[in-house]
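Residues per chain, in single letters:
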Amino acid sequence: MSELKVPSRSEDYSEWYNQLVLRAELADYAPVRGCMIVRPYGWALWENIQQSLDRRFKATGHVNAAFPLLIPRSFIEKEKSHVAGFSPELAVVTHGGGEKLEEPLVVRPTSETIIGHSYAKWIQSYRDLPVLINQWNSVVRWELRTKLFLRTLEFFWQEGHTAHATLEEAEAETRQMLDIYTDFAVNEAAIPVIPGRKSESERFAGADQTYSIEAMMGDGKALQSGTSHNLGQNFAKAFEIRYLDKSGALQYCWTTSWGLSTRFIGAIIMVHGDDQGLILPPRLAPYQAVIVPIYKTDEEKIQVMAAARRIRAELVSSDIRTVLDEREGASPGFKFNDWEMRGVPLRIEIGPKDVSKGSVVLARRDKPGKEGKSFFPQAGLAEAVKQALDVVQKALYERALKFRIANTTDPGDYAEFGGAVEKGFAYSFWCGSAECEKNIKEGTKATLRCVPLEQVQETGKCIYCGQPARERAYFAKAY
Ligand SMILES: [Zn+2]
(Lines give C-alpha, C1' and ligand atoms only; values in the text may rest on other atoms or scores of the structure.)
Protein backbone atom coordinates (compact mmCIF):
# COMPACT_ATOMS: atom_id res chain seq x y z
CA MET A 1 0.00 0.00 0.00
CA SER A 2 1.31 3.42 -0.93
CA GLU A 3 2.00 5.86 1.91
CA LEU A 4 0.91 8.87 -0.15
CA LYS A 5 -1.42 10.97 1.91
CA VAL A 6 -4.97 11.36 0.65
CA PRO A 7 -5.77 15.09 0.70
CA SER A 8 -8.81 16.15 2.71
CA ARG A 9 -12.00 16.87 0.80
CA SER A 10 -11.80 20.57 1.54
CA GLU A 11 -8.16 20.76 0.38
CA ASP A 12 -8.70 19.13 -3.00
CA TYR A 13 -11.93 17.27 -3.61
CA SER A 14 -10.93 15.98 -7.03
CA GLU A 15 -7.60 14.62 -5.83
CA TRP A 16 -9.24 13.19 -2.68
CA TYR A 17 -11.46 11.20 -5.05
CA ASN A 18 -8.62 10.05 -7.34
CA GLN A 19 -6.36 8.99 -4.47
CA LEU A 20 -9.15 7.14 -2.72
CA VAL A 21 -10.06 5.11 -5.80
CA LEU A 22 -6.39 4.06 -6.17
CA ARG A 23 -5.59 3.58 -2.47
CA ALA A 24 -8.74 1.60 -1.68
CA GLU A 25 -7.86 -0.54 -4.73
CA LEU A 26 -11.20 -0.02 -6.44
CA ALA A 27 -9.63 0.71 -9.83
CA ASP A 28 -6.41 1.57 -11.59
CA TYR A 29 -5.38 3.44 -14.71
CA ALA A 30 -4.93 1.42 -17.89
CA PRO A 31 -2.23 1.63 -20.61
CA VAL A 32 -4.81 3.15 -22.99
CA ARG A 33 -5.62 6.64 -21.77
CA GLY A 34 -9.16 6.92 -20.45
CA CYS A 35 -9.63 3.21 -19.91
CA MET A 36 -10.00 1.76 -16.44
CA ILE A 37 -8.93 -1.44 -14.74
CA VAL A 38 -11.53 -2.42 -12.15
CA ARG A 39 -9.71 -4.18 -9.33
CA PRO A 40 -11.26 -7.03 -7.30
CA TYR A 41 -12.51 -4.77 -4.48
CA GLY A 42 -14.19 -2.45 -6.99
CA TRP A 43 -15.56 -5.36 -8.98
CA ALA A 44 -17.02 -6.94 -5.81
CA LEU A 45 -18.87 -3.68 -5.22
CA TRP A 46 -20.11 -3.70 -8.82
CA GLU A 47 -21.22 -7.33 -8.47
CA ASN A 48 -23.35 -6.38 -5.48
CA ILE A 49 -24.85 -3.50 -7.47
CA GLN A 50 -25.53 -5.90 -10.35
CA GLN A 51 -27.23 -8.45 -8.12
CA SER A 52 -29.52 -5.92 -6.46
CA LEU A 53 -30.57 -4.48 -9.81
CA ASP A 54 -30.84 -7.80 -11.62
CA ARG A 55 -33.18 -9.10 -8.92
CA ARG A 56 -35.43 -6.09 -9.46
CA PHE A 57 -35.33 -6.43 -13.28
CA LYS A 58 -36.32 -10.09 -13.14
CA ALA A 59 -39.07 -9.43 -10.59
CA THR A 60 -40.63 -7.10 -13.18
CA GLY A 61 -40.52 -9.66 -16.01
CA HIS A 62 -37.23 -8.82 -17.73
CA VAL A 63 -34.76 -11.40 -19.04
CA ASN A 64 -31.06 -11.12 -19.85
CA ALA A 65 -29.38 -11.72 -23.21
CA ALA A 66 -26.09 -10.83 -24.94
CA PHE A 67 -25.77 -8.86 -28.17
CA PRO A 68 -22.48 -8.40 -30.07
CA LEU A 69 -19.81 -5.82 -29.34
CA LEU A 70 -19.39 -4.90 -33.02
CA ILE A 71 -22.11 -3.12 -34.96
CA PRO A 72 -22.16 -2.35 -38.71
CA ARG A 73 -21.55 1.36 -39.10
CA SER A 74 -24.63 1.72 -41.29
CA PHE A 75 -26.83 0.71 -38.33
CA ILE A 76 -25.73 3.73 -36.31
CA GLU A 77 -26.57 5.97 -39.26
CA LYS A 78 -30.17 4.80 -39.54
CA GLU A 79 -31.56 6.97 -36.75
CA LYS A 80 -30.69 10.62 -37.45
CA SER A 81 -30.46 12.14 -34.00
CA HIS A 82 -28.80 8.98 -32.67
CA VAL A 83 -25.95 9.25 -35.18
CA ALA A 84 -25.64 12.99 -34.56
CA GLY A 85 -25.35 12.40 -30.82
CA PHE A 86 -22.90 9.52 -30.92
CA SER A 87 -20.68 10.17 -33.97
CA PRO A 88 -18.06 12.22 -32.13
CA GLU A 89 -17.59 9.44 -29.56
CA LEU A 90 -17.42 6.38 -31.82
CA ALA A 91 -14.54 3.92 -31.94
CA VAL A 92 -14.46 2.51 -35.47
CA VAL A 93 -12.88 -0.76 -36.56
CA THR A 94 -11.58 -0.50 -40.12
CA HIS A 95 -9.40 -3.61 -40.34
CA GLY A 96 -9.97 -7.24 -39.43
CA GLY A 97 -7.78 -10.29 -40.03
CA GLY A 98 -5.19 -8.08 -41.70
CA GLU A 99 -7.64 -6.83 -44.36
CA LYS A 100 -9.45 -3.55 -44.76
CA LEU A 101 -13.14 -4.16 -44.04
CA GLU A 102 -15.71 -3.45 -46.74
CA GLU A 103 -17.93 -1.80 -44.18
CA PRO A 104 -16.36 -0.32 -41.05
CA LEU A 105 -17.70 -1.61 -37.74
CA VAL A 106 -18.29 0.45 -34.65
CA VAL A 107 -17.62 -0.72 -31.13
CA ARG A 108 -21.03 -0.34 -29.48
CA PRO A 109 -21.53 2.99 -27.71
CA THR A 110 -24.96 1.59 -26.70
CA SER A 111 -27.02 -1.13 -28.37
CA GLU A 112 -30.32 0.39 -29.56
CA THR A 113 -29.45 -0.18 -33.21
CA ILE A 114 -28.32 -3.79 -33.13
CA ILE A 115 -31.16 -4.72 -30.79
CA GLY A 116 -33.63 -2.84 -33.01
CA HIS A 117 -32.37 -4.89 -35.94
CA SER A 118 -33.02 -8.12 -34.00
CA TYR A 119 -36.42 -7.03 -32.71
CA ALA A 120 -37.52 -6.33 -36.29
CA LYS A 121 -36.88 -10.01 -37.03
CA TRP A 122 -38.33 -11.41 -33.81
CA ILE A 123 -41.51 -9.37 -33.52
CA GLN A 124 -44.34 -10.26 -35.92
CA SER A 125 -47.60 -9.96 -34.06
CA TYR A 126 -49.11 -8.32 -30.99
CA ARG A 127 -48.73 -11.75 -29.35
CA ASP A 128 -44.93 -11.27 -29.40
CA LEU A 129 -45.19 -8.12 -27.28
CA PRO A 130 -43.92 -6.84 -24.98
CA VAL A 131 -40.27 -7.83 -25.41
CA LEU A 132 -38.38 -7.09 -22.18
CA ILE A 133 -34.63 -7.72 -22.53
CA ASN A 134 -31.66 -6.48 -20.53
CA GLN A 135 -27.95 -7.03 -21.06
CA TRP A 136 -24.94 -6.60 -18.77
CA ASN A 137 -21.95 -5.52 -20.84
CA SER A 138 -19.43 -2.79 -21.48
CA VAL A 139 -19.61 -0.05 -24.09
CA VAL A 140 -17.07 2.36 -25.58
CA ARG A 141 -17.46 6.11 -25.95
CA TRP A 142 -14.35 8.05 -26.96
CA GLU A 143 -14.35 10.53 -24.09
CA LEU A 144 -11.62 13.17 -24.06
CA ARG A 145 -11.71 14.17 -20.40
CA THR A 146 -11.85 11.09 -18.23
CA LYS A 147 -11.96 10.24 -14.53
CA LEU A 148 -12.02 6.77 -12.96
CA PHE A 149 -15.61 5.45 -12.73
CA LEU A 150 -17.19 8.83 -13.52
CA ARG A 151 -16.23 9.09 -17.17
CA THR A 152 -14.14 6.40 -18.81
CA LEU A 153 -13.64 5.42 -22.42
CA GLU A 154 -14.97 1.94 -21.77
CA PHE A 155 -17.47 1.48 -18.95
CA PHE A 156 -19.58 -1.33 -17.57
CA TRP A 157 -23.34 -1.09 -17.29
CA GLN A 158 -26.62 -2.70 -17.99
CA GLU A 159 -28.80 -1.62 -20.86
CA GLY A 160 -32.44 -2.60 -20.94
CA HIS A 161 -34.33 -2.54 -24.25
CA THR A 162 -38.05 -3.11 -24.52
CA ALA A 163 -40.68 -3.06 -27.27
CA HIS A 164 -44.39 -2.45 -26.70
CA ALA A 165 -47.67 -2.23 -28.61
CA THR A 166 -48.66 1.23 -27.39
CA LEU A 167 -47.16 4.53 -26.33
CA GLU A 168 -48.86 4.22 -22.94
CA GLU A 169 -47.20 0.86 -22.27
CA ALA A 170 -43.80 2.19 -23.32
CA GLU A 171 -44.21 5.22 -21.08
CA ALA A 172 -45.28 3.02 -18.16
CA GLU A 173 -42.17 0.85 -18.69
CA THR A 174 -39.91 3.93 -18.84
CA ARG A 175 -41.34 5.19 -15.57
CA GLN A 176 -41.28 1.76 -13.92
CA MET A 177 -37.55 1.45 -14.58
CA LEU A 178 -36.92 4.95 -13.23
CA ASP A 179 -38.76 3.86 -10.07
CA ILE A 180 -36.56 0.77 -9.87
CA TYR A 181 -33.41 2.89 -10.09
CA THR A 182 -34.80 5.20 -7.41
CA ASP A 183 -35.63 2.27 -5.14
CA PHE A 184 -32.18 0.77 -5.69
CA ALA A 185 -30.36 4.07 -5.00
CA VAL A 186 -32.34 4.80 -1.84
CA ASN A 187 -32.62 1.34 -0.32
CA GLU A 188 -29.38 -0.34 -1.40
CA ALA A 189 -26.91 2.52 -1.87
CA ALA A 190 -28.39 4.85 0.80
CA ILE A 191 -28.27 7.64 -1.78
CA PRO A 192 -31.19 10.07 -1.88
CA VAL A 193 -32.01 10.82 -5.51
CA ILE A 194 -34.35 13.12 -7.36
CA PRO A 195 -36.28 11.34 -10.12
CA GLY A 196 -37.19 13.71 -12.89
CA ARG A 197 -37.61 14.56 -16.55
CA LYS A 198 -34.71 15.85 -18.60
CA SER A 199 -35.07 18.99 -20.69
CA GLU A 200 -35.09 18.55 -24.46
CA SER A 201 -31.45 19.59 -24.81
CA GLU A 202 -30.32 17.03 -22.22
CA ARG A 203 -32.25 14.11 -23.76
CA PHE A 204 -30.65 10.91 -25.00
CA ALA A 205 -29.89 11.01 -28.75
CA GLY A 206 -32.96 9.45 -30.34
CA ALA A 207 -35.35 9.62 -27.36
CA ASP A 208 -38.73 11.34 -27.14
CA GLN A 209 -38.41 11.60 -23.38
CA THR A 210 -35.53 11.00 -21.00
CA TYR A 211 -35.88 10.57 -17.24
CA SER A 212 -33.02 10.43 -14.78
CA ILE A 213 -32.20 10.12 -11.12
CA GLU A 214 -29.95 12.93 -9.89
CA ALA A 215 -27.87 12.82 -6.72
CA MET A 216 -25.88 15.47 -4.86
CA MET A 217 -22.22 14.63 -4.31
CA GLY A 218 -20.21 15.68 -1.23
CA ASP A 219 -19.00 18.85 -3.00
CA GLY A 220 -22.52 19.97 -3.90
CA LYS A 221 -22.28 18.96 -7.57
CA ALA A 222 -24.84 16.74 -9.25
CA LEU A 223 -24.29 13.30 -10.70
CA GLN A 224 -26.77 11.76 -13.12
CA SER A 225 -26.94 8.27 -11.67
CA GLY A 226 -29.27 6.35 -13.98
CA THR A 227 -31.44 7.11 -17.02
CA SER A 228 -34.60 5.75 -18.60
CA HIS A 229 -35.69 6.71 -22.12
CA ASN A 230 -38.97 6.56 -23.95
CA LEU A 231 -37.76 6.17 -27.55
CA GLY A 232 -41.21 6.60 -29.06
CA GLN A 233 -41.30 5.09 -32.56
CA ASN A 234 -37.95 6.58 -33.63
CA PHE A 235 -35.98 3.34 -33.58
CA ALA A 236 -39.02 1.27 -34.60
CA LYS A 237 -39.27 3.36 -37.79
CA ALA A 238 -35.53 3.33 -38.45
CA PHE A 239 -35.34 -0.47 -38.05
CA GLU A 240 -38.84 -1.50 -39.18
CA ILE A 241 -39.85 -2.96 -35.83
CA ARG A 242 -43.50 -3.70 -36.62
CA TYR A 243 -46.30 -5.96 -35.49
CA LEU A 244 -49.73 -7.02 -36.73
CA ASP A 245 -52.36 -5.74 -34.32
CA LYS A 246 -55.56 -7.60 -33.42
CA SER A 247 -57.36 -6.24 -36.47
CA GLY A 248 -54.54 -7.43 -38.74
CA ALA A 249 -53.12 -3.96 -39.40
CA LEU A 250 -49.35 -3.42 -39.43
CA GLN A 251 -48.19 -1.08 -36.64
CA TYR A 252 -44.84 0.30 -35.51
CA CYS A 253 -43.73 -0.69 -32.02
CA TRP A 254 -42.92 1.74 -29.21
CA THR A 255 -39.54 1.13 -27.62
CA THR A 256 -37.63 2.10 -24.48
CA SER A 257 -34.10 1.82 -23.15
CA TRP A 258 -32.63 2.33 -19.69
CA GLY A 259 -29.19 2.08 -18.12
CA LEU A 260 -27.14 2.34 -14.97
CA SER A 261 -23.35 2.12 -15.08
CA THR A 262 -20.13 1.83 -13.06
CA ARG A 263 -20.49 5.61 -12.74
CA PHE A 264 -22.72 4.79 -9.83
CA ILE A 265 -19.62 3.66 -7.90
CA GLY A 266 -18.40 7.24 -8.22
CA ALA A 267 -21.66 8.38 -6.62
CA ILE A 268 -21.22 5.99 -3.70
CA ILE A 269 -17.68 7.29 -3.12
CA MET A 270 -18.63 10.96 -3.31
CA VAL A 271 -21.92 10.83 -1.41
CA HIS A 272 -20.72 8.86 1.61
CA GLY A 273 -16.90 9.19 1.80
CA ASP A 274 -15.13 11.35 4.38
CA ASP A 275 -11.56 12.51 5.01
CA GLN A 276 -10.63 9.07 6.39
CA GLY A 277 -11.71 7.35 3.18
CA LEU A 278 -14.64 5.46 1.74
CA ILE A 279 -17.80 4.68 3.65
CA LEU A 280 -19.65 1.90 1.87
CA PRO A 281 -23.36 1.32 2.40
CA PRO A 282 -23.71 -2.04 4.22
CA ARG A 283 -26.10 -3.52 1.67
CA LEU A 284 -23.55 -3.12 -1.16
CA ALA A 285 -20.22 -3.31 0.70
CA PRO A 286 -17.95 -6.19 -0.42
CA TYR A 287 -17.11 -6.69 3.25
CA GLN A 288 -19.75 -5.65 5.75
CA ALA A 289 -17.58 -6.37 8.78
CA VAL A 290 -13.85 -6.69 9.39
CA ILE A 291 -12.48 -8.51 12.42
CA VAL A 292 -9.22 -7.04 13.76
CA PRO A 293 -7.48 -9.27 16.33
CA ILE A 294 -5.42 -7.51 19.00
CA TYR A 295 -2.64 -9.32 20.91
CA LYS A 296 0.93 -8.90 22.14
CA THR A 297 2.24 -12.29 23.29
CA ASP A 298 2.16 -15.61 21.46
CA GLU A 299 -0.13 -17.00 24.12
CA GLU A 300 -2.59 -14.14 23.62
CA LYS A 301 -2.37 -14.63 19.88
CA ILE A 302 -3.46 -18.27 20.13
CA GLN A 303 -6.50 -17.38 22.23
CA VAL A 304 -7.51 -14.29 20.27
CA MET A 305 -7.12 -15.91 16.86
CA ALA A 306 -9.17 -18.94 17.91
CA ALA A 307 -12.02 -16.67 19.03
CA ALA A 308 -11.68 -14.44 15.93
CA ARG A 309 -11.87 -17.40 13.55
CA ARG A 310 -14.90 -18.79 15.36
CA ILE A 311 -16.66 -15.41 15.16
CA ARG A 312 -15.80 -15.09 11.49
CA ALA A 313 -17.29 -18.51 10.75
CA GLU A 314 -20.46 -17.65 12.67
CA LEU A 315 -20.95 -14.35 10.87
CA VAL A 316 -20.28 -15.89 7.45
CA SER A 317 -22.80 -18.64 8.14
CA SER A 318 -25.32 -15.89 8.95
CA ASP A 319 -24.67 -14.39 5.46
CA ILE A 320 -22.68 -11.45 6.78
CA ARG A 321 -19.82 -10.66 4.40
CA THR A 322 -16.91 -10.79 6.85
CA VAL A 323 -13.14 -10.59 6.55
CA LEU A 324 -10.63 -11.45 9.27
CA ASP A 325 -7.46 -9.38 9.03
CA GLU A 326 -4.74 -11.92 9.80
CA ARG A 327 -1.88 -9.86 8.38
CA GLU A 328 1.34 -10.35 10.33
CA GLY A 329 3.59 -7.40 11.05
CA ALA A 330 0.83 -4.81 10.74
CA SER A 331 -0.29 -3.10 13.96
CA PRO A 332 -3.97 -2.97 14.97
CA GLY A 333 -3.81 0.82 14.50
CA PHE A 334 -2.57 0.41 10.93
CA LYS A 335 -5.32 -2.12 10.24
CA PHE A 336 -7.99 0.19 11.69
CA ASN A 337 -6.90 3.00 9.37
CA ASP A 338 -6.60 0.71 6.38
CA TRP A 339 -10.12 -0.69 6.70
CA GLU A 340 -11.51 2.72 7.50
CA MET A 341 -10.01 3.94 4.24
CA ARG A 342 -11.64 1.02 2.42
CA GLY A 343 -14.98 1.93 3.94
CA VAL A 344 -15.95 -1.32 5.68
CA PRO A 345 -19.12 -0.35 7.61
CA LEU A 346 -18.34 -2.24 10.85
CA ARG A 347 -15.14 -3.17 12.63
CA ILE A 348 -15.06 -5.91 15.24
CA GLU A 349 -12.14 -5.61 17.66
CA ILE A 350 -11.17 -8.56 19.78
CA GLY A 351 -8.29 -8.66 22.31
CA PRO A 352 -7.30 -10.86 25.28
CA LYS A 353 -9.66 -9.04 27.68
CA ASP A 354 -12.56 -9.50 25.28
CA VAL A 355 -11.75 -13.20 25.03
CA SER A 356 -11.89 -13.63 28.79
CA LYS A 357 -15.10 -11.57 29.08
CA GLY A 358 -16.74 -13.25 26.08
CA SER A 359 -17.32 -9.92 24.38
CA VAL A 360 -16.12 -7.83 21.40
CA VAL A 361 -16.01 -4.16 20.49
CA LEU A 362 -18.12 -3.05 17.53
CA ALA A 363 -17.00 0.17 15.86
CA ARG A 364 -19.10 1.98 13.25
CA ARG A 365 -17.28 3.41 10.25
CA ASP A 366 -19.76 6.27 9.90
CA LYS A 367 -19.18 7.43 13.51
CA PRO A 368 -15.44 7.69 14.15
CA GLY A 369 -14.04 7.56 17.67
CA LYS A 370 -15.68 6.61 20.95
CA GLU A 371 -19.15 7.66 19.86
CA GLY A 372 -19.41 4.83 17.38
CA LYS A 373 -18.00 2.11 19.66
CA SER A 374 -19.93 -0.34 21.83
CA PHE A 375 -19.39 -3.68 23.58
CA PHE A 376 -21.36 -6.75 22.59
CA PRO A 377 -21.36 -10.30 23.94
CA GLN A 378 -19.93 -12.88 21.54
CA ALA A 379 -23.05 -14.99 22.04
CA GLY A 380 -25.67 -13.86 19.54
CA LEU A 381 -23.18 -11.55 17.80
CA ALA A 382 -24.52 -12.22 14.30
CA GLU A 383 -27.88 -10.71 15.23
CA ALA A 384 -26.22 -7.67 16.82
CA VAL A 385 -24.05 -7.17 13.72
CA LYS A 386 -27.09 -7.35 11.43
CA GLN A 387 -28.87 -4.75 13.51
CA ALA A 388 -25.82 -2.51 13.57
CA LEU A 389 -25.52 -2.79 9.76
CA ASP A 390 -29.16 -1.68 9.42
CA VAL A 391 -28.49 1.27 11.70
CA VAL A 392 -25.46 2.32 9.62
CA GLN A 393 -27.41 1.90 6.38
CA LYS A 394 -30.18 4.17 7.66
CA ALA A 395 -27.77 6.72 9.16
CA LEU A 396 -25.90 7.06 5.85
CA TYR A 397 -29.11 7.77 3.97
CA GLU A 398 -30.29 10.29 6.52
CA ARG A 399 -26.96 12.09 6.58
CA ALA A 400 -26.86 12.32 2.77
CA LEU A 401 -30.44 13.60 2.62
CA LYS A 402 -29.75 16.19 5.31
CA PHE A 403 -26.69 17.36 3.38
CA ARG A 404 -28.68 17.67 0.15
CA ILE A 405 -31.47 19.62 1.83
CA ALA A 406 -28.95 21.93 3.52
CA ASN A 407 -27.28 22.64 0.18
CA THR A 408 -30.40 23.14 -1.91
CA THR A 409 -31.78 26.65 -2.11
CA ASP A 410 -34.64 28.49 -3.73
CA PRO A 411 -32.88 31.66 -4.95
CA GLY A 412 -34.88 34.89 -4.96
CA ASP A 413 -33.31 36.21 -8.15
CA TYR A 414 -30.74 35.36 -10.81
CA ALA A 415 -27.87 36.98 -8.86
CA GLU A 416 -28.64 34.75 -5.88
CA PHE A 417 -29.00 31.81 -8.27
CA GLY A 418 -25.35 32.25 -9.30
CA GLY A 419 -24.26 31.86 -5.66
CA ALA A 420 -26.58 28.92 -5.05
CA VAL A 421 -25.13 26.76 -7.84
CA GLU A 422 -21.61 27.47 -6.55
CA LYS A 423 -22.34 25.42 -3.44
CA GLY A 424 -25.21 23.10 -4.32
CA PHE A 425 -28.54 22.77 -6.10
CA ALA A 426 -30.84 25.63 -7.04
CA TYR A 427 -34.51 24.72 -7.19
CA SER A 428 -36.06 27.34 -9.42
CA PHE A 429 -38.99 28.08 -11.67
CA TRP A 430 -38.18 27.59 -15.35
CA CYS A 431 -40.37 28.81 -18.20
CA GLY A 432 -39.50 25.78 -20.34
CA SER A 433 -37.43 27.67 -22.92
CA ALA A 434 -34.22 26.12 -24.20
CA GLU A 435 -32.89 29.67 -24.62
CA CYS A 436 -33.11 30.39 -20.86
CA GLU A 437 -31.54 27.01 -20.12
CA LYS A 438 -28.65 27.79 -22.48
CA ASN A 439 -28.09 31.27 -21.05
CA ILE A 440 -28.04 29.87 -17.52
CA LYS A 441 -25.48 27.26 -18.58
CA GLU A 442 -23.27 29.85 -20.25
CA GLY A 443 -23.58 32.29 -17.39
CA THR A 444 -23.12 29.98 -14.41
CA LYS A 445 -21.91 26.60 -15.78
CA ALA A 446 -24.94 25.05 -14.08
CA THR A 447 -27.09 22.70 -16.13
CA LEU A 448 -30.72 21.82 -15.79
CA ARG A 449 -30.50 18.48 -13.99
CA CYS A 450 -34.18 17.56 -14.10
CA VAL A 451 -37.73 18.69 -13.67
CA PRO A 452 -38.75 16.61 -10.65
CA LEU A 453 -41.77 14.40 -11.23
CA GLU A 454 -43.14 15.19 -7.81
CA GLN A 455 -43.60 18.88 -7.22
CA VAL A 456 -46.14 21.26 -5.79
CA GLN A 457 -48.45 22.55 -8.53
CA GLU A 458 -47.90 26.29 -8.47
CA THR A 459 -46.91 29.12 -10.75
CA GLY A 460 -44.00 31.50 -10.50
CA LYS A 461 -41.51 33.45 -12.58
CA CYS A 462 -38.67 31.92 -14.60
CA ILE A 463 -35.44 32.47 -12.71
CA TYR A 464 -33.76 33.73 -15.88
CA CYS A 465 -36.31 35.65 -17.97
CA GLY A 466 -39.01 36.39 -15.38
CA GLN A 467 -41.78 35.08 -17.65
CA PRO A 468 -44.57 33.01 -16.08
CA ALA A 469 -43.53 29.44 -15.30
CA ARG A 470 -45.53 26.44 -14.15
CA GLU A 471 -42.73 24.08 -13.18
CA ARG A 472 -39.59 24.12 -11.13
CA ALA A 473 -36.33 22.45 -12.08
CA TYR A 474 -33.10 21.56 -10.29
CA PHE A 475 -30.02 23.36 -11.60
CA ALA A 476 -26.47 22.46 -10.58
CA LYS A 477 -22.94 22.04 -11.76
CA ALA A 478 -22.53 18.42 -12.67
CA TYR A 479 -20.03 15.63 -13.20
ZN1 LIG B 1 -37.29 31.72 -19.04
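What comes next concerns the included structure.

Take unusual backbone geometry next. Here the residue pair L129 and P130 is connected by a cis peptide bond, since its omega of -5° sits within 30 degrees of zero. By the secondary structure assignment, P130 is in the loop between α5 (112-122) and β7 (131-140). Phi at K445 takes a positive value of approximately 70°, unusual for a residue other than glycine.

The next subject is the sheet that holds strand β5 (residues 91-96). Spatially, three strands are ordered β4-β6-β5 in an open sheet, and the strand pairing comes out antiparallel. On the outer flanks of this sheet lie β4 (70-72) and β5, each paired with one strand and no other. With direction set aside, neighbouring strand axes in the sheet form an average angle of 50°. Direction of pairing for β4 relative to strand β6 (residues 99-107): antiparallel, over a ladder of three bridges. Paired with L70 across the strands is V107, a residue of β6.

The next thing to look at is the packing of aromatic side chains. The description of an aromatic ring pair uses the distance of the two centres, along with the angle that the planes make with each other. Applying the stated rule across the entire model yields 18 aromatic pairs. With 6.0 Å between their ring centres and 75° between their planes, W46 and W136 make a pair best called edge-to-face. Here the residue W46 occupies a position in helix α2 (residues 40-59), and W136 occupies one in strand β7, the gap between them amounting to 90 residues. The exposure class assigned to W46 is buried, which follows from its relative accessible area of 1%. Of the residues examined, W136 reaches a relative accessible area of 22% and is grouped as partly exposed. Here the aromatic rings of F425 and Y474 are separated by 6.0 Å at their centres, their planes lie at 65°, and the arrangement is edge-to-face. Here F425 is found in strand β21 (residues 425-430), whereas its partner Y474 is found in strand β25 (residues 471-476), with 49 residues between them in sequence. The same class applies to F425 as to Y474, namely buried. Site record: aromatic cluster; members linked through ring pairs are W46, F57, W136 and W258.

Right, let's get into empty space enclosed by the protein. Unfilled space is identified by rolling a water-sized probe across the atoms. Under the definition given, this model contains two cavities of 30 Å³ or more. When its volume is computed, the largest cavity comes out at roughly 60 Å³. In this structure, the largest cavity is lined by E112, I115, G116, Y119, H161, T162, L231, F235, I241, T255 and T256. Of all the elements in the fold, those that place two or more residues in the lining of the largest cavity are α5, β8 (154-164) and β14 (254-261). Here the lining of the largest cavity takes four residues from α5, the largest share from any one element. Of the residues belonging to the lining of the largest cavity, the class tally is five nonpolar, five polar and one charged. By volume, the second largest cavity is sized at about 30 Å³. When residues of the lining of the second largest cavity are traced back to their parent elements, those giving at least two are β10 (209-216) and α12 (381-406). Among the residues making up the lining of the second largest cavity, the classes are represented as six nonpolar, no polar and one charged.

Thresholds, definitions, all that
Residues numbered from 1 in each chain as written. Predicted model: local features only at pLDDT ≥ 70, side-chain atom pairs only at ≥ 80, totals over all residues. Heavy atoms only, no water. Helix = DSSP H or I, 4+ residues; strand = E, 2+ residues; numbered from the N terminus. Pairing = 2+ DSSP bridges. Axes fitted to C-alpha atoms, helices over the stretch in contact; angles between N-to-C directions. Phe/Tyr/Trp six-rings, centres within 6.5 Å; stacked < 30°, edge-to-face > 60°. Buried < 20%, exposed > 50% of the residue type's maximum accessible area, 1.4 Å probe, protein only. 1 Å grid on protein atoms, 1.4 Å probe; cavity = no way out; pocket = protein on both sides within 12 Å on 5 of 7 lines; lining within 4 Å. Points joined across faces, edges and corners; volume = space filled by probe spheres on them. Nonpolar A, V, L, I, M, F, W, Y, C, P; charged D, E, K, R; others polar.

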